[in-house]
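This is what each chain is made of:
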Amino acid sequence: MPLFKTKLTEQEAALQFVGYIMNEASSAWPTICEELKDIFQDQFVLEHEKMANLDLSLSAIVLDLQAIKNLFPNIQAERIEKWVYECFNTWDWGEYAVEEVKKYGKEFQEHTPNMYVGTDPLSSVSARLLHRWLGENIHNFEIDMGDFGNGEKTGIVSISPQLQMMVDSLLIGFIGTWKRIKHNFKLVEGDLPLAENIQEFCLRDGLRDWEPKPAPDEKIMNSTDEIKPDGTIEYYDTHGNIKEMWLSPRQMEELFKKDLARKCYKVLFKGPWEGIKEADWPLSEAVANKFIDEKGLYIRYLCL
């Protein structure tokens, strides 16, 4: 173990973890697919070839993600898990990926308590992966578990043990990434807020002097203001420093739908001081439509 570990934020660790597993899965998938088709011939028919690689990545990510509960304190493990979910929040496959990871994890956790009586949580993940790969073609590998002794079938079926064991073995090969991350780095909580805390970080405490923005033509001539993309938000970290992060339109839309965030507007105040003070307040759409002026200011002159 290194004497002095390099610090790595939990978000960076989650990104490294997801990126590494997905790259490994992408590299291994062509060989895995070819081997399975060579062994099982026409029985092994993928339902959606384009999704098969992603499904392999998600199942492998879930298996190694279970290790964080033993490697890190509970609160930190919960944050890391949420950051892993954030890594999947993309336009291409975010909703599908997050839901699948949660369902794989649920399967694993539900079978863990019974592992000492013959239930294997690893096999529950590989079984779900096989259903994702094969779809209706999973019937090609179903085996009836026998009869009642009078020739009548039980109706209980199971996936071919040979296929199940092969998929179990290949998934085991992806385990160990979080253990290596913990061995090589000291994970610390970063400044960026998780999506569920965006509203909290949008609030600014206290008042400050109002700084009128120059007219658009003055901005262009002076080039003093940086034009930032829609979705850029500012927040204060735990040390009182202003930080920035960017949220995709999809993330913003989801937060507004769930009422987890509101747009922040500049609110103006008059009080027992010289000039005008300002603060940023999150306002509902109804209030904004009623009181926001043409400059995007919420004029609220109060005598404080």
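Residues numbered from 1 in each chain as written. Predicted model: local features only at pLDDT ≥ 70, side-chain atom pairs only at ≥ 80, totals over all residues. Heavy atoms only, no water.

**Examining the overall build of the chain**
Each helix and strand counted, the chain has 12 helices and 10 strands in total. Put simply, the chain has 304 residues, and 37% of those count as buried. Counting only carbon and sulfur atoms, one obtains 52% of the accessible surface of the chain, whose full area is about 18700 Å². (Helix = DSSP H or I, 4+ residues; strand = E, 2+ residues; numbered from the N terminus. Buried < 20%, exposed > 50% of the residue type's maximum accessible area, 1.4 Å probe, protein only. Areas by Shrake-Rupley, 256 points an atom, 1.4 Å probe, with all protein chains shown as cover.)

**Side note on the side chain of Gln164**
Here Gln164 is to be found in helix H7 (residues 161-172). Here Ser123 takes part through its backbone oxygen, which lies 3.1 Å from a polar atom of the side chain of Gln164. In this structure, Gln164 is in contact with Ser123, Ser126, Ala127 and Ile159, ignoring residues within four places of it in sequence. (Polar contact = N/O pair within 3.5 Å; in protein donor to acceptor, adjacent residues only side chain to side chain. Contact = heavy atoms within 4.5 Å.)

**What about the pattern of salt bridges?**
In total, this model carries 5 salt bridges according to the counting rule given. Of the charged contacts, one joins Arg132 and Glu100 as a salt bridge, the two residues approaching to 3.0 Å between their closest N and O atoms. Within this pair, whereas Arg132 is found in helix H6 (residues 121-134), its partner Glu100 is found in helix H5 (residues 94-111), the two being separated by 32 residues in sequence. Looking at Arg132, the relative accessible area reads 29%, which means it is partly exposed. (Salt bridge = Lys/Arg side-chain N within 4 Å of Asp/Glu carboxyl O.)

**Observations regarding the confidence of the model for the chain**
With 61% of its residues at a pLDDT of 70 or more, the chain has an overall mean of 75. Note that residues 215-225 has pLDDT below 50 and, in this model, 6 contacts with residues that lie over four places away or in other chains. Residue range residues 300-304 is modelled with pLDDT below 50. Its contacts to residues more than four positions away, or to other chains, number 18 contacts. (pLDDT = per-residue confidence, 0-100.)

**A short note on the environment of Glu24**
In this fold, Glu24 is placed in helix H1 (residues 10-40). The class of Glu24 is partly exposed, set by a relative accessible area of 35%.

**Looking at the environment of Gln76**
If you trace the backbone, Gln76 turns up in helix H4 (residues 74-87). A residue is classified by how much of its surface remains accessible, and Gln76, at 12% relative accessible area, is buried. With 66 residues separating them along the chain, Gln76 and Glu10 place their C-alpha atoms 8.4 Å apart. Other than its neighbours up to four places away in sequence, Gln76 contacts Glu10, Leu187 and Val188.

**Brief notes about the packing of aromatic side chains**
Summed over the entire model, instances satisfying the criterion amount to 6 aromatic pairs. Residues Phe17 and Trp178 carry aromatic rings whose centres are separated by 4.9 Å and whose planes lie at 35° to one another, so their mutual orientation is tilted. Here the residue Phe17 occupies a position in helix H1, and Trp178 occupies one in helix H8 (residues 177-184), the gap between them amounting to 161 residues. Exposure class is identical for Phe17 and Trp178. Each is buried. Arranged with centres 6.1 Å apart and planes meeting at 85°, the rings of Phe72 and Trp178 form a pair that is edge-to-face. Of this pair, Phe72 sits in the loop between helix H3 (68-71) and H4 while Trp178 is found in helix H8, placing the two residues 106 residues apart along the sequence. Classification of Phe72 as buried rests on a relative accessible area of 7%. Judged by relative accessible area, Trp178 falls into the buried class, the value being 0%. Among the aromatic residues, those joined into a cluster by ring pairs are Trp29, Phe40, Phe44, Trp133 and Phe141. We note Lys102 situated over the ring of Tyr85; from NZ or CZ to the ring centre the distance is 5.4 Å. (Phe/Tyr/Trp six-rings, centres within 6.5 Å; stacked < 30°, edge-to-face > 60°. Lys NZ or Arg CZ within 6 Å of the ring centre and 35° of its normal.)

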